Every structure is written in structure tokens, then in C-alpha cells.
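The lines below spell out each chain.
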Amino acid sequence: MKLFPNKLSQIHLVLLIAGFLTLTGNFTFFEKTLLVYPLSENLFFLGSLFIFHLTLLATLLLIFCFSKTIKPILILLLIISSLVSFSSNNYGIVFDHNMITNTFETDASELSDLISFKSILYFLIFGLLPSIAVWKVSIKKITFKAQLLERLKAFLILVVISTVVILSFSKHYSSFFRENKSLRTYSNPIYYLYSTTKFVSSKLAVSSEPFKEIGLDAKINKNSNLRRLVILVVGETARSDHMSLNGYDLKTNPYLEQEEVISFKKMTSCGTDTAFSVPCMFSLLDRSSYNHAKGKNMSNALDIISNAGAKVLWLDNNSSSKSVADRITFKDYRSSELNSICNPECRDEGMLTNLQSFIDDQNNQDLLIVLHTMGSHGPAYYKRYPEKFEVFIPVCKTNLLNECSREEISNAYDNTILYTDYFLSKVIDLLKNNSQDSDTAMFYLSDHGESLGEFGIYLHGYPYFMAPDEQKKIPAFMWFDESISRVFDIDSIKEKAELSQSHDNLFHTLLGLMDVETELYKKDLDLTAK
Ligand SMILES: [Zn+2]
């Protein structure tokens, strides 16, 4: 039996693929929709939604698919949609424009974490096989005029069908579009196509705007004669509620609990993914006004501190600095070239190996060192820690999280937190070794949180407006050595640690920690200010 007839018109091929994508790529979309509109009371509406999705997608495709473009476009869509639908079905991922940014900024090792037998099989059945069928099918050749007429007729029919469908269930559709905005984010491929358009336009906006230097008046005005040495640790995917320092049942912070650490218990992130959160947290702009076009095109906290006269260094064991360290010294620790602890994954601890000699080489210059960690990056949590940190068992040892129990996922994740706890204690040890001739402090905060299966959601990157707390509530810890504790008012910092704080505070807190004065500085946002 042949999958396709010998020859198809362009219109029929588009309709066929729009139907195939609507049917095979939208399991999560219909699953989430069924939770709001149960089948027993909404059978006809749900049927109409299927038709509406198909007609909308077909209309879109007809705008871009012509004799030369039809096959490449349909094949690209089939391939990408199969990967998108696998990620949505298995991890509940939503492909908004931040997730698209994240996808483009993901490196090969992060992608390899997502590959499994199941994902390859899924890709073969729903991506590759139909793509081969599209490639093989012959398309009827007709004159340009006939093509134009046929297309016009198809457009008209599709518009009439969509209009009839919407008018017949107008109440349902108005609640679907107005009150249940999150549902449409699962529509595949329509939502990721929309997000990609947004991503491209924001990229164009970034490149068209000139870079804006701000904080040119910044200067260091220290209240102490000692050199300032601050280490900022940017965490990855750590959740506030999985820290025993914040009351978590399991002892995930055995090392930090032995130190005088101040925990900011009500801290929230700027975004729900690395690509958005990292540049946002270093930006003068707050969460409500931040976008890449504005934020990446102006000096960030590190630029200003560097211009004020401190040495600023960024060591990266994550994906990149997301443009934050473009104008300061950057060192990549993701390979054994620089990182001395790779087994085979390069560990965060490796960033500390040669750090002392770097500190010694800077004479007496004030230093701000950023350590961008791999932390708890999922879904392969079990790969994120050396064997001896596998304390919480049994552990989920696959990247297909929905095949593990909640306990196994949580255990694997908690072991990553335990390793982070150990790593932070090593950072503190390094600072203690320098406290004779420096005022030292550590500030650790995660870039965003993580869903570990709550509400059937895994990983992170949900659009902020619909993201669960697990993806937004992050841990943040400060540690000060004895000499710097006389410069800052520790009691007032402890008071602020009990209040709601966010990534919006980081810009001003870093200026405060480095004693940098500028008219941009806002004391009320500095977590270390009295
Ligand atoms: Zn991240």
C-alpha cells in the first residue's frame, strides 16, 4: 500500500501535512485543553478545535509553500515538530521565545543529555519517515494561473471553515483565547513558529541598536584598607526549597551548615531559563523592563565595576556568559584544557584549581570573580556529581524523567545540590585562605529553579506568567569573612534575608559589595546596604 498517491497537488500535500502535524504533534496541547474543557461536556468544541488548528496551520503554510519551497519547508517542520512534541510530551516544555533563545545557545553536550532510545525512535517515526514520504512524493505540475486560482479557492474555503468553527463555539473560543492563554503555548508547530519570529526580531533589534555605555562616573570608594575579594557564584537550576539551610527535610547543605552563611529564603529569579535570567540579573533593568535588545546593549554591573578599577574575571563551566562577560576576562572551563577535574564531565570544582595563583598575580587590585556553574542542570541530574556524592538513593539514571518515580528524580537532583553545597564550601575555604590580606565575601544565587514532576511538569523555561513557583524560587547565600564583617552591617543583611528579594537586587548589591559609587546605584536595592 502506498502512503501517498502517485501525484499530489500542492494544496493537498499542505492539507495532509497540516493534518498529520495537528494529529501527531499536539498530544500535550489536547491533554492540557482536556483538563480545562472535559471531553464529556465539550466533545464538539474539541472536535472544532482540531479543525481550527488544522485550517490555521494550512492557511499559514499556503502563504509560504510554493513549488520550490514546499518540500524543504514541510520537511523542516516535520523534523522540528517531532523534536518539539517529544520535549512537550516528556518534559512539559513550552517553546516560547526564551526557550528558542535557550535552544540556540545550547551546546552539544547539553543536547546529548536529551538523547535516548525513545527520543530517537520518536524522531524516526514522526519526523524522518514522513519527511522521506514528502521528499519522494511527486507534485502535480500546473500553470501559474491555475495554481493561483487553486490557492485562492483553498484560502477562501479555509477562512470560511475557520470562521464557521469559531462562530459556532464563540463562547468557548473567547474563554480559550482570553482566560486560558497558557493553552495555546502548547500548540505545535504554530506556537514555536510564532516564538521563532519573536526571537529573530529581538535579535535584529539587538544588532541594530548601538551599545550604550552607562555608569561612566563609577569609582571605588572603599571603607577599608584591605584588598576586596568577592566571589559571585551563579548557580544553575537550584531550587530554594531543596536546601536544608531553608528547612528542607533531607540534609542537602551539610557543608554550608557549618559556616556562617546568610540565606535569603524568599528570593525569586528574573526568568525561568539561563539565556534570559543570566543577562537580566546583571542588568540595571529590572525584571519588568528587561529585554535582550535593551539589556544586552548597555553596560552591565560587571562592566561598571571593571571600569571603576576592579579586576573582574568570569570563569564558565556552564554554557556561556550569555554576553554578560563580553567585555571582561572570560575563561572557559568546560573542557579538560583548563579544567583539571573532568571525569568525564568537567566539574565546577575544577574552576578553583588555579584560582589562587590568579588571585596572587593581581597584586593588590580589588577582585570580583564570577563562577558560572553547571550546578543541577537537567534532565540528566545523575551525571552532575562525582560518585561519592550519590548519597540520596535510589536515583533516576535516565534522562527520561517521566519513566522514574518522583523519589528517584528528587534524589538524583538532591545529590546535585549536595555537590553544589560541597563546591560552595570549597569557595569559602579559598576565601578564608585569602582573608589575611583581603576583605572577602561570597554571594551565591541560582539563575532559576526547576520543576521535578510537580503538576506533570519537568525541567524549566516555562513562560514567566504561567511558571510554577518551583521554577522561580531560588536559593541565595552570602558569606563574609571576619574583616569584611566589620565593613558591612551583618545584622541588617540578616534582616533583609528574611524579606522577599529578587534578581533585581543583584546589580546594586554587586556595586555595594565592591564599594563602587555611581549615580546609578540604588541603596534600597542593595542587599548589603544598611
Ligand atoms: Zn539555567
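Quantities reported herein were computed from a predicted structural model and do not represent experimental measurements.

**Digging into the coordination of the zinc ion**
Right, on to step 1. Donor atoms from the polypeptide that coordinate the zinc ion comprise Glu236 (OE), Glu236 (OE), Thr274 (OG1), Asp447 (OD) and His448 (NE2), at 2.0 to 2.6 Å from the metal.
Right, on to step 2. Each donor residue of the zinc ion lies on the same chain, and together they follow the pattern E-x37-T-x172-D-H.
Right, on to step 3. Judged by relative accessible area, Asp447 falls into the buried class, the value being 0%.

**Some remarks on helix α2 (residues 27-36)**
Right, on to step 1. Here α2 has its buried residues at Thr28, Phe29, Phe30, Lys32 and Thr33.
Right, on to step 2. Elements that come into contact with the buried residues of α2 comprise α1 (10-24), α3 (39-64), α4 (70-91) and α9 (170-178).

**Comments concerning the packing of α1 against helix α8 (residues 144-168)**
Right, on to step 1. Their axes nearest at 10 Å, the elements α1 and α8 cross at an angle of 35 degrees. Contacts between α1 and α8 pair Gln10, Ile11 and Leu15 from the former with Gln147, Glu150, Arg151, Ala154 and Leu158 from the latter.
Right, on to step 2. Here the contact of α1 with α8 is composed, by residue class, of four nonpolar, two polar and two charged.

**Topic: the state of the cysteines**
Right, on to step 1. Per the stated rule, a full pass over the model turns up three disulfides.
Right, on to step 2. Note that Cys270 is cross-linked by a disulfide to Cys280, the S-S spacing being 1.9 Å. Between Cys270 and Cys280 the sulfur-sulfur dihedral comes to about 80 degrees; the bridge is accordingly right-handed. Of this pair, Cys270 sits in the loop between β6 (266-268) and α11 (274-281) while Cys280 sits in helix α11, and the two are 10 residues apart along the sequence.
Right, on to step 3. Here the chain pairs its bonded cysteines, counted in sequence order, in the arrangement 1-2, 3-4, 5-6.

**Remarks on the environment of Phe117**
Right, on to step 1. Looking at the secondary structure, you find Phe117 in helix α7 (residues 117-136).
Right, on to step 2. As a C-alpha pair, Phe117 and Lys496 span 379 residues in sequence and 48 Å in three-dimensional space.

**Concerning the nonpolar core**
Right, on to step 1. Counting residues in hydrophobic clusters, the biggest one holds 81 residues, and the most contacted among them are Leu355 and Leu371.
Right, on to step 2. Discounting chain neighbours no more than four positions away, the residues touching Leu355 are Ile231, Leu313, Leu315, Ile369, Leu371 and Leu430.
Right, on to step 3. Among the nonpolar cores identified, the runner-up in size contains 51 residues, and Ala218, Ala310, Ile490 and Leu511 belong to it.

Conventions adopted
- Residues numbered from 1 in each chain as written.
- Predicted model: local features only at pLDDT ≥ 70, side-chain atom pairs only at ≥ 80, totals over all residues.
- Heavy atoms only, no water.
- Donors = N, O, S within 2.8 Å, 3.2 Å for Na, K, Ca; no water.
- Buried < 20%, exposed > 50% of the residue type's maximum accessible area, 1.4 Å probe, protein only.
- Helix = DSSP H or I, 4+ residues; strand = E, 2+ residues; numbered from the N terminus.
- Contact = heavy atoms within 4.5 Å.
- Axes fitted to C-alpha atoms, helices over the stretch in contact; angles between N-to-C directions.
- Nonpolar A, V, L, I, M, F, W, Y, C, P; charged D, E, K, R; others polar.
- Disulfide = S-S within 2.5 Å.
- Core = buried A, V, L, I, M, F, W, Y, C linked by side-chain atoms within 4.5 Å.

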